[in-house]
Amino acid sequence: MSGIELAAWSFPVLLLLIFIRIPIGLAMLLCGLGGAWVIYGSADPILNQLKQVTYSTFSNYNLSVIPLFLLMGQFAALGGLSQALFKAAEAWIGHRKGGVAMAAVGACAGFGAICGSSLATAATMGQVALPELKRAGYAGGISTAALAAGGTLGILIPPSVVLVIYAILTEQNIAKLFLAAFVPGILAAVGYMIVIAIYARLKPHEVGSMPPMPMKERWSATAKVWPVLVIFVTVVGGIYTGLFTPTEGAAIGAFGTGLAAWFAGGLNRKTLLGAVLGTAMATGMIFMIVLGAGLYNTFLALSQLPQETAQLVAGSGLNPWLVLVGILVIYVVLGCFMDSLSMILLTIPVFFPIVTVLDFGLSPEEFAIWFGILVLIVVEVGLITPPVGMNLFVINSMAKDIPIMHTYRAVLPFVASDMIRTAILVAFPAITLFLLRI
C-alpha cells in the first residue's frame, strides 16, 4: 500500500475512533503514530519525531494566547459582564416582539468580544438568558435555538481561539485576521436578529416580550457594560495599532477582566482557583488536540497526500470557485460530527495547499485571510447543524424540559441565515477584506 493510499484510509479510521468515543486528540495521535510507523517500517523514527513535534508545537509563543483568552472569558463570567450585556440589550429592545431573544443574540456578540470560545459563550449566556426568555413567554425551541446560534458568535467576534490556531497553521497575521472577522461577525448577529423578527411574525404565539423600561433604567443598565467596552477597545485596538502583540493583548485583557470581576465582588480566592482550574482543563484539552493534529499532519506530510492532491486539483482544470464551494460543503458535513478546533487542525494542512494553487484574483495574504474567515463561518455553522451541533447540546443540557427535536426545528432558520451569509461572502470577498483595505 502506497503512502497516499494509507493516508486516504486513515480518515475513515479516524472517524471510526471518534464514533467509538475515543477523545479526538488521542485518536489523531494514534492514527499519526500508526500511519508513520507503517511508512517508516519502524517505530523508532516516529517516536523521535514525537519528541520533536511536542517541543516544536508547544514552544510556539503564539499558543500562549489561548489560555489567556480562556482565562479572560472565565473572569468575564465571574464579573457578571454577561448578565450586564444581556440586561443592557434587553432594556432597549426587550419590549419588542422577539426583542428578548434579539437581546440574547446581541449579548452573545458582546460577550464573544471578551471570550473567544463558542461553547463558553453559549454556556454562559444560556445561564443568564434562558430564565428571562422563559419568563417572557418564549416557546422552548426558539429560546434554545436563538442562544445556540448566538453562541457561535464567540468564535467569530474577535478575539477568537480558532482564528489564532488558523493563523499559526497558515503563518498569517493574527491582528489582520481579527480585523477581517469584524464585518462577518456583525453580519452574523444582524442575520440572527432578522431570523428572530421573521419568526416572531410567522409564529407570534411562540415569541413573547417584556414590559417597556423607563428611559432612566435603560441608561442605567447601559452604563454597567462600560468594562466590556474598555477591555474590548484596549485589547483589539492595541493589537491592531501595534501597541502590543496578540499575546500581550490577551494578558492585558485577562488582567482587566480580572479587575472587573474583583470590583464586582465575583472574584475571591475560591473563585480564582476555580477560574484557573477551568482554564487549565480547557487548555489541556485544546493542547492535546493540537499535539494529536501535529503528529497526524506529520504523517500526512510523509504520505505526500496534501502535495499530490494539490497538484491533482491544479492540473485538473476544475473551476477554482467550484473547488472552494466543495471544500466549504465538506466543512459543513464534518461540523455535524466534530468540534471546530479539531476540524481546523485536521483539515487546514490538507485543504490550504490545495486552494493556494488556485487563482481567485487576490494576493496570497488577502486570499489566506478571506479563506480563513470563510472556514471559520462554515465551522460555526457546524456548531448548530443537527444532529450533532455542539452548541445545541450545550444549551439543551441547561433546559432539560425542552425536547431536543424542538431545538432542531427552530434552529434551521438560523442555519439558513448562515448559508445565505456564507454565499454572500464567497461571492464578494471585498466585504471580508473591507477593513483591511481602508
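Described below are features of the structure shown in this document.

Thresholds applied
Numbering of residues starts from 1 in every chain and runs along the sequence as written. In view of the model being predicted, local features appear only for residues whose pLDDT reaches at least 70, and side-chain atom pairs are presented and counted only at 80 or more, with totals across whole chains, interfaces and linings using the full set of residues. Side-chain numbers come from the whole structure's heavy atoms, not from hydrogens or water. In this description a helix means any DSSP run of H or I spanning at least four residues, a strand means any run of E spanning at least two, and both kinds are numbered starting from the N terminus. To get the radius of gyration, use the C-alpha atoms; to get the globule rule, take the number of residues to the power 0.38 and multiply by 2.2 Å. Residue exposure (1.4 Å probe, protein chains only): buried if accessible area is under 20% of the type maximum, exposed if over 50%, otherwise partly exposed. What makes two residues a contact is simply this: any of their non-hydrogen atoms within 4.5 Å. For the area figures, the Shrake-Rupley method with a 1.4 Å probe applies, and any residue is considered shielded solely by the protein chains shown. Note on terminology: a nonpolar core comprises buried Ala, Val, Leu, Ile, Met, Phe, Trp, Tyr and Cys residues joined through side-chain atoms within 4.5 Å. In this analysis, axes come from line fits to C-alpha atoms, helices being fitted only over the stretch in contact, and the angle between any two N-to-C directions falls in the range 0 to 180 degrees. Note on convention: the crossing is left-handed when the near helix lies turned anticlockwise from the far helix by less than a right angle, right-handed when the turn is clockwise. Each residue is assigned to one class: nonpolar for Ala, Val, Leu, Ile, Met, Phe, Trp, Tyr, Cys and Pro, charged for Asp, Glu, Lys and Arg, and polar for all the others, Gly among them. Helix span, as expected, comes to 1.5 Å for every residue beyond the first. Stacked, edge-to-face and tilted are the three classes for Phe, Tyr and Trp ring pairs, Trp counted by its six-membered ring, which pair at centre distances within 6.5 Å; planes under 30 degrees apart are stacked, over 60 edge-to-face, the rest tilted. Salt bridge, as used here: a side-chain nitrogen of Lys or Arg that lies within 4 Å of a carboxyl oxygen of Asp or Glu. Think of a 1 Å grid over just the protein atoms. A cavity is a set of points where a 1.4 Å probe fits yet cannot get out, a pocket is an open set with protein on both sides within 12 Å along at least five of seven lines, and lining residues have an atom within 4 Å of a point. Grid points are joined across faces, edges and corners, and a volume is the space filled by probe spheres set on the points.

Digging into the overall build of the chain
Move 1: For the chain, the count of helices and strands is 23 helices and 0 strands.
Move 2: Against the globule reference of 22 Å for 438 residues, the chain gives a C-alpha radius of gyration of 22 Å, in line with a compact fold.
Move 3: Along the longest, intermediate and shortest principal axes, the C-alpha atoms of the chain span 75 × 50 × 45 Å.
Move 4: When each of the 438 residues of the chain is scored for burial, the buried share is 53%.
Move 5: The long-range fraction of contacts in the chain, counting pairs at least 24 apart against all pairs at least 6 apart in sequence, stands at 80%.
Move 6: About 18,700 Å² of surface is accessible on the chain, with carbon and sulfur atoms providing 70% of the total.

Details of the nonpolar core
Nonpolar side chains tend to gather and get buried jointly when the protein is soluble and globular.
Move 1: Ile 66, Phe 86, Leu 153, Tyr 331, Phe 371, Ile 384 and Phe 414 are the most contacted members of the largest nonpolar core, which has 150 residues in total.
Move 2: Looking at this core, the element that brings in the most residues is helix α20 (residues 364-382), giving 13 residues.
Move 3: Setting aside chain neighbours within four positions, we find Ile 384 in contact with Ala 148, Ala 149, Thr 152, Tyr 192, Gly 389, Asn 391, Leu 392, Val 411, Phe 414, Val 415 and Asp 418.

Here we look at the packing of helix α19 (residues 340-356) against α20
In a packed pair of helices, the relevant descriptors are the angle between the two axes and the axis-to-axis distance.
Move 1: Where α19 meets α20, the closest approach of the two axes is 11 Å, and the angle between their N-to-C directions is 140°. In this structure, α19 meets α20 at a crossing whose hand is right-handed. Together, Ser 340, Met 343, Ile 344, Ile 348, Phe 352, Val 355 and Thr 356 of α19 and Phe 367, Ala 368, Phe 371, Val 375 and Val 379 of α20 make up the contact between the two elements.
Move 2: When grouped by side-chain class, the residues that make up the contact of α19 with α20 number 10 nonpolar, 2 polar and no charged.

Considering helix α8 (residues 140-151)
Move 1: End to end, α8 covers 17 Å across 12 residues, agreeing with the expected 16 Å (1.5 Å per residue, within 8%).
Move 2: Most of α8 sits inside the fold, with 11 of its 12 residues counted as buried.
Move 3: Within α8 the residues assigned to the buried category are Gly 141, Ile 142, Ser 143, Thr 144, Ala 145, Ala 146, Leu 147, Ala 148, Ala 149, Gly 150 and Gly 151.
Move 4: Looking at the buried residues of α8, the elements they touch are α6 (99-112), α7 (118-135), α9 (153-156), α12 (182-202), α21 (390-396) and α22 (404-427).

Thoughts on the packing of aromatic side chains
Move 1: Applying the stated rule across the entire model yields 16 aromatic pairs.
Move 2: Ring geometry for Phe 58 versus Phe 287: centroids 5.3 Å apart, planes at 25°, classification stacked. With Phe 58 in helix α3 (residues 44-58) and Phe 287 in helix α16 (residues 269-303), the pair connects residues that are 229 residues apart, well separated along the chain.
Move 3: Given a relative accessible area of 32%, Phe 58 falls into the partly exposed group.
Move 4: Overall, the relative accessible area of 21% leaves Phe 287 in the partly exposed class.
Move 5: Aromatic pair Phe 360 and Trp 370: ring centres 5.8 Å apart, planes at 65°, arrangement edge-to-face. Taken together, the residues span a long stretch of sequence, with Phe 360 in the loop between α19 and α20 and Trp 370 in helix α20 at a distance of 10 residues. You'll find Phe 360 and Trp 370 in the same group, each marked buried.

What about the environment of Thr 298?
Move 1: Secondary-structure assignment places Thr 298 in helix α16.
Move 2: On the basis of relative accessibility, which here comes to 17%, the residue Thr 298 falls in the buried class.
Move 3: Taking the C-alpha atoms as reference, Thr 298 lies 12 Å from Leu 345; in sequence the two are 47 residues apart.
Move 4: When near neighbours in sequence (up to four residues on either side) are disregarded, Thr 298 contacts Gln 49 and Val 53.

Some words on the pattern of salt bridges
Should their charged atoms come close, side chains of opposite charge can pair.
Move 1: A full pass over the atoms with the stated rule returns 6 salt bridges.
Move 2: Across the pair Lys 87 and Glu 90 runs a salt bridge, and its minimum N-O distance is 3.8 Å. Of the two residues, Lys 87 and Glu 90 are both situated in helix α5 (residues 81-93); the distance of 3 residues between them amounts to about one turn of the helix.
Move 3: Exposure remark for Glu 90: the relative accessible area of 8% places this residue in the buried category.
Move 4: Of the charged contacts in the structure, one is a salt bridge between Glu 132 and Lys 87, with a shortest N-O distance of 3.1 Å.

Notes on the layout of surface pockets
Move 1: Within this model, the largest pocket holds a volume of roughly 1,000 Å³.
Move 2: Taken together, 37 residues line the largest pocket, and the ones lying closest to its centre are Leu 119, Met 285, Ile 289, Asp 339 and Met 390.
Move 3: Looking at the lining of the largest pocket, the elements that each hand over two or more residues are α1 (3-19), α2 (24-40), α4 (65-78), α7, α10 (161-170), α16 and α19.
Move 4: Counting residues per element, the lining of the largest pocket draws most heavily on α16, which supplies 7 residues.
Move 5: Classifying every residue of the lining of the largest pocket gives 25 nonpolar, 10 polar and 2 charged.
Move 6: Estimated volume of the second largest pocket: approximately 370 Å³.
Move 7: Lining the second largest pocket are 16 residues, with Phe 11, Ile 330, Thr 347, Val 350 and Phe 351 positioned closest to its centre.
Move 8: Of the residues belonging to the lining of the second largest pocket, the class tally is 13 nonpolar, 3 polar and no charged.

Honestly, that's just the spatial picture; any functional story needs more than this.
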